[in-house]
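Fold and geometry: a report
Residues per chain, in single letters:
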Amino acid sequence: MGLISFLKGAGEKVFGKSDDTLEKEKAEAIVKHINKYDLNVKDLVVTVEGETVTLNGEVSSVLERNRVVVVTGNVAGISAVNDNLVLNVPEPVEPEKQYYTVVKGDYLSKIAKRVYGDAMKYNVIFEANKPMLTDPDKIYPGQVLVIPAL
């Protein structure tokens, strides 16, 4: 899918307190972080070079791919995710999703109004970002969300 950019300073802290964490340790921490959300990736291999994470493995849907990318990119200290995940689906592929970076003052219904023209479609965005989002009111500036096509 390619390289997706994220805000380096925004996101969940999974690397501990030291900036000296080795890239191999960062990769292991990211795998653990992805697994925490029970995302289904077969043969997942994560590599880290500086602030860039490369994901390799196999997923069964575009939505699952996007969730893995967003969960990975929303980690403090990561500014880009290189998505090399292979999509393994027997049926036609659903359209690609778009991403949205949350800014100060955003909330899901405001984002839904902007992208869909209907604030009441906020639950579509919420559902697409589960299990990373546990509450529609808990988003933060710099967080990247999956915005599915209607």
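One can find the structure itself at the top, above this paragraph.
What this report covers is the structure whose coordinates are included nearby. All values reported here derive from a predicted model rather than from experimental measurement.

Once that is clear, we can look at the overall build of the protein chain. Looking only at helices and strands, the protein chain features four helices and six strands. For the protein chain, the α and β elements follow one another from N to C terminus as β-α-β-β-α-β-β-α-α-β. In terms of overall dimensions, the protein chain is globule-like: its C-alpha atoms have a radius of gyration of 15 Å, near the 15 Å expected for 150 residues. Dimensions of the protein chain, computed from the C-alpha atoms along their principal axes, are close to 45 × 40 × 25 Å. The 150 residues of the protein chain split such that 45% are buried. Roughly 8,100 Å² of accessible area belongs to the protein chain as shown, and the carbon and sulfur atoms make up 51% of that amount.

We now examine the sheet that holds strand S2 (residues 42–49). The sheet built from four strands is open, its strands ordered S1-S4-S3-S2 with mixed pairing. The open sheet has two edge strands, strand S1 (2–5) and S2, and neither has a second partner. On average, each strand axis in the sheet is inclined to that of its neighbour by 20°, with strand direction left out of account. Bridge count for strand S3 (residues 52–59) against strand S4 (residues 80–87) is eight bridges, and the pairing is parallel. Bridging from a neighbouring strand, Asn56 pairs with Asn84 of S4. Together, S1, S3 and S4 form the strand contacts of helix H2 (residues 62–73), whose direction differs from that of S4 by roughly 155°.

Here we take up the packing of helix H1 (residues 23–36) against H2. Between H1 and H2, the shortest axis-to-axis distance is 10 Å and the interhelical angle comes to 130°. Comparing the axis directions of H1 and H2 gives the class oblique. In terms of crossing hand, the pair formed by H1 and H2 is right-handed. Residues Ile30, His33 and Ile34 of H1 pack against Val68, Val71 and Thr72 of H2. Of the residues in the contact of H1 with H2, the class split is four nonpolar, two polar and no charged.

A separate point is the environment of Lys24. Tracing the sequence through the fold places Lys24 in helix H1. Between the C-alpha atoms of Lys24 and Thr47, which are 23 residues apart in sequence, the distance is 7.2 Å.

Criteria and thresholds
Residues numbered from 1 in each chain as written. Predicted model: local features only at pLDDT ≥ 70, side-chain atom pairs only at ≥ 80, totals over all residues. Heavy atoms only, no water. Helix = DSSP H or I, 4+ residues; strand = E, 2+ residues; numbered from the N terminus. Rg over C-alpha atoms; globule rule 2.2 N^0.38 Å. Buried < 20%, exposed > 50% of the residue type's maximum accessible area, 1.4 Å probe, protein only. Areas by Shrake-Rupley, 256 points an atom, 1.4 Å probe, with all protein chains shown as cover. Pairing = 2+ DSSP bridges. Axes fitted to C-alpha atoms, helices over the stretch in contact; angles between N-to-C directions. Contact = heavy atoms within 4.5 Å. Parallel < 35°, antiparallel > 145°, perpendicular 65-115°, else oblique. Left-handed = near helix turned anticlockwise from the far one by under 90°. Nonpolar A, V, L, I, M, F, W, Y, C, P; charged D, E, K, R; others polar.

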